[in-house]
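Summary of the model geometry
Here is how the chains run, residue by residue.
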Amino acid sequence: MRCLRCKLPRSSNQQITKETVHPYIRVHCALFGKVKKMIIPQHIAIIMDGNGRWAKARGKVRTAGHEAGAETLKKIVRAADALGVKVLTVYAFSTENWQRPKLEVDFIMNLLGIYLVKELPEFMKENVQVRFIGARQELPKGVIEKLDKVLHETGRYQRKSGG
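Residues numbered from 1 in each chain as written. Predicted model: local features only at pLDDT ≥ 70, side-chain atom pairs only at ≥ 80, totals over all residues. Heavy atoms only, no water.

Further remarks concern the environment of N110. By the element assignment, N110 lies in helix 4 (residues 102–125). With 30 residues separating them in the primary sequence, N110 and P140 have C-alpha atoms 9.1 Å apart. (Helix = DSSP H or I, 4+ residues; strand = E, 2+ residues; numbered from the N terminus.)

See the structure below:
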């Protein structure tokens, strides 16, 4: 059974409390009644930007910002789903990003590969269709292979998540 507010799994006899709901969903659940009365867009597009600046402002290395951005994206995906958003498009890596230091680009590509593998079971469980928008030719071969697997495995699903 899933919570009707945040759609997180719970047992049928479990009460929804602050302790049983993920921290990032608590705000959503507290505002759920107000938000559900609003008109929710069917398609939302976001640009992932500022992860390096976020890390620098906290005295961390830029890669820590990219990791935090990936975790934030997971939260956004769940919140968008709970609100009824049908399509989420994520602009995550521009052609200008290839000009960053090689170690940073390699880290981001590795993070993408890890994310694709780690999240595939969740995509399938939630019937999420993943689509890729953009140029693939510059991506590392291993990332393209993982991306192709995710695209193939989720292609039959109706709920969409663009990237």
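Quick look at the pattern of salt bridges now. The final tally for this structure, using the stated rule, is nine salt bridges. The residue R62 makes a salt bridge to E104 at a minimum N-O spacing of 2.9 Å. Of this pair, R62 sits in helix 3 (residues 62–83) while E104 sits in helix 4, and the two are 42 residues apart along the sequence. E104 gets classed as buried once you look at its relative accessible area, which sits at 8%. Salt-bridge contacts for E104 lead to R100; the nearest nitrogen and oxygen are separated by 3.2 Å. (Salt bridge = Lys/Arg side-chain N within 4 Å of Asp/Glu carboxyl O. Buried < 20%, exposed > 50% of the residue type's maximum accessible area, 1.4 Å probe, protein only.)

Once that is clear, we can look at the packing of aromatic side chains. Scanning the model with the defined rule gives two aromatic pairs in all. For the ring pair Y115 and F123, a centre distance of 6.3 Å and an interplane angle of 70° mean the geometry is edge-to-face. The burial state of Y115 is the same as that of F123; both residues are buried. (Phe/Tyr/Trp six-rings, centres within 6.5 Å; stacked < 30°, edge-to-face > 60°.)

Take the packing of helix 3 against helix 4 next. For the pair helix 3 and helix 4, interaxial distance at closest approach is 10 Å and the crossing angle is 25°. The orientation of helix 3 with respect to helix 4, classified from their angle, is roughly parallel. Like other packed secondary-structure pairs, helix 3 and helix 4 cross with a definite hand, here right-handed. Note on element contacts: helix 4 touches helix 3 through E104, F107, I108, L111, Y115, K118, E119 and E122, opposite R62, T63, H66, E67, A70, L73, K74 and R78. When the residues that make up the contact of helix 3 with helix 4 are grouped by side-chain class, the tally is six nonpolar, two polar and eight charged. (Axes fitted to C-alpha atoms, helices over the stretch in contact; angles between N-to-C directions. Parallel < 35°, antiparallel > 145°, perpendicular 65-115°, else oblique. Left-handed = near helix turned anticlockwise from the far one by under 90°. Contact = heavy atoms within 4.5 Å. Nonpolar A, V, L, I, M, F, W, Y, C, P; charged D, E, K, R; others polar.)

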